[in-house]
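# Residue-level structural notes
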Amino acid sequence: MKFKDEIFSPYIFLIGFIIFCIIGLLGRYYFVEYFNPDISVYTLFYIILITLVFILGSKINIIINENLMIGLILFLIILFSFKRYNYYSIILLLLGLLIISMIKKDIFSKYYKQIFGIGVLLCILNIGIIGKIPLINPTIRESYLTPLFVLGYSFILISNNFGLLKEKYPNKMIFPILSLFLFILYGFRTYIVILVISTMATFYLIGNKQKTIYFGLIGSILTIIFGYLTVLLLPQNWKLNPLELLWYRFTFTFDVFDRICYNVGLKLFGEYSLLTETTTGYIISENILNYSHNITSTIFGPPIFDGGLSEIIIFTLFTSISLFTIYKETKIHNSLIPYYSLILSIFLVSIEISPYPLIILLIPLALYLSKVNQIS
């Protein structure tokens, strides 16, 4: 099969990571007043290692047990959330069971319109309860990350893709357009980018390649405009324009990744302490930069920091296996395309935002989806 027909295969994740590293490296030469242009030899080693292990994972086929995957998903939810939320993590466990049940019974596919409407209402209700529009109040955006919003945007992202799969043009455009407008009101670029990539991947995989380009252009333009607006509304006085600011953020993230690789070196094992945390940015910041801040370090920074060679190899290998397993199944069952597109988009965005270890949940989820008995 030609490369152009495989643009949204899991290899786009590996290519995206390598491109991100190149952009970050070039940024160190552009922002010379902030960064040292030199790169650690260990960083190059880990990039090569990640590439080779990811390619290896694409060749491996494993036997998947649905019940085992369900048990692993629920175990990971408790493991990642208990330290922070204590016994309230049971609520997240029940939410996980609800999502799994809805997938198993094909609820998202059958009732995507209703679920999309519920998601929109939850997000609007969340704004109504707090009483301000997050877009024009950037300093209080974190207060909008409530359970209502989490459940709402989850429903929107999943049902958006099913709307693209099942509705005819132009009705299907209602889903991404309304979703894009709502996420812009919230002011979180991450969810906007996930929506744009997920929509593009779904369009492409169902054969609407022209609409992939159109929506990609529209989404990119709106994201850039939104970036300018956000910088204008933020209280900080930046010397950089919004595009330079985005490049600076990529460079900073790559710089942290480089520092992690240098500090860890070729250590085979680690403490594996990050696996009981919901966020890792503050811990890495305190150890690598000697101050407390919620920093990003690429998706591969935390496993290298946490467990050295052993953890990065295991994480990369199973990431590759899970993505390629569900991707191959989409070739047979197109009902899996909405799920795969969303999971792939989250992995792509995670190249920069580093949501480790929560991103690990997507590995057994992708494997479960590839074999669940709801596919048509």
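Residues numbered from 1 in each chain as written. Predicted model: local features only at pLDDT ≥ 70, side-chain atom pairs only at ≥ 80, totals over all residues. Heavy atoms only, no water.

## Digging into the packing of aromatic side chains
We apply this condition: Working definition: rings of Phe, Tyr and Trp (its six-membered ring) pair if their centres are within 6.5 Å, and the pair is stacked with planes under 30 degrees apart, edge-to-face with planes over 60 apart, and tilted otherwise. Comment: elements are numbered from the N terminus, with helices defined as DSSP H or I runs of at least four residues and strands as E runs of at least two. The buried label applies to any residue whose accessible area, calculated with a 1.4 Å probe on protein chains only, is under 20% of its type's maximum; exposed applies above 50%, and partly exposed to all values in between.
Evaluated as defined, the whole model comprises 32 aromatic pairs. Relative to Phe257, the ring of Phe17 has its centre 5.9 Å away and its plane inclined at 85°; by these criteria the two rings are edge-to-face. Taken together, the residues Phe17 in helix α1 (residues 11–30) and Phe257 in helix α11 (residues 242–264) connect sequence positions 240 residues apart. When sorted by exposure, Phe17 lands in the same class as Phe257, which is buried. Among the aromatic side chains, those forming a connected cluster through ring pairs are Tyr11, Phe13, Phe17, Phe54, Phe254, Phe257, Phe300, Phe315, Phe324, Phe347 and Tyr356.

## Considering the environment of Leu348
The following threshold applies: Any pair of residues with heavy atoms lying within 4.5 Å of one another is described as a contacting pair.
Tracing the sequence through the fold places Leu348 in helix α14 (residues 337–353). Note: C-alpha distance between Leu348 and Phe13 (335 residues apart in sequence) is 5.6 Å. With residues up to four places along the chain from it excluded, the contact list for Leu348 reads Ile12, Phe13 and Ile197.

## Topic: the nonpolar core
Where we set the bar: What is meant by a nonpolar core is a set of buried Ala, Val, Leu, Ile, Met, Phe, Trp, Tyr and Cys residues, joined one to another through side-chain atoms within 4.5 Å.
Core analysis: the largest hydrophobic core is formed by 101 residues, its most contacted members being Phe13, Phe108, Phe300 and Phe347. With eleven residues, the top contributor of residues to this core is helix α13 (residues 301–330). Excluding its chain neighbours within four sequence positions, the residues that come into contact with Phe108 are Ile99, Met102, Ile103, Ile115, Phe155, Ile158, Phe162 and Tyr339. Phe31, Phe35, Leu245 and Tyr248 belong to the second largest nonpolar core, which has five residues in total.

## Some thoughts on the confidence of the model for the protein
As a reminder, the rule being used: Residue-level confidence of the predictor is what pLDDT reports, using numbers from 0 through 100.
The predicted model of the protein averages 86 in pLDDT, with 91% of residues at 70 or higher. Put simply, helix α10 (residues 209–233) is where the protein has its lowest mean pLDDT, 72, and helix α2 (residues 41–57) is where it has its highest, 97.

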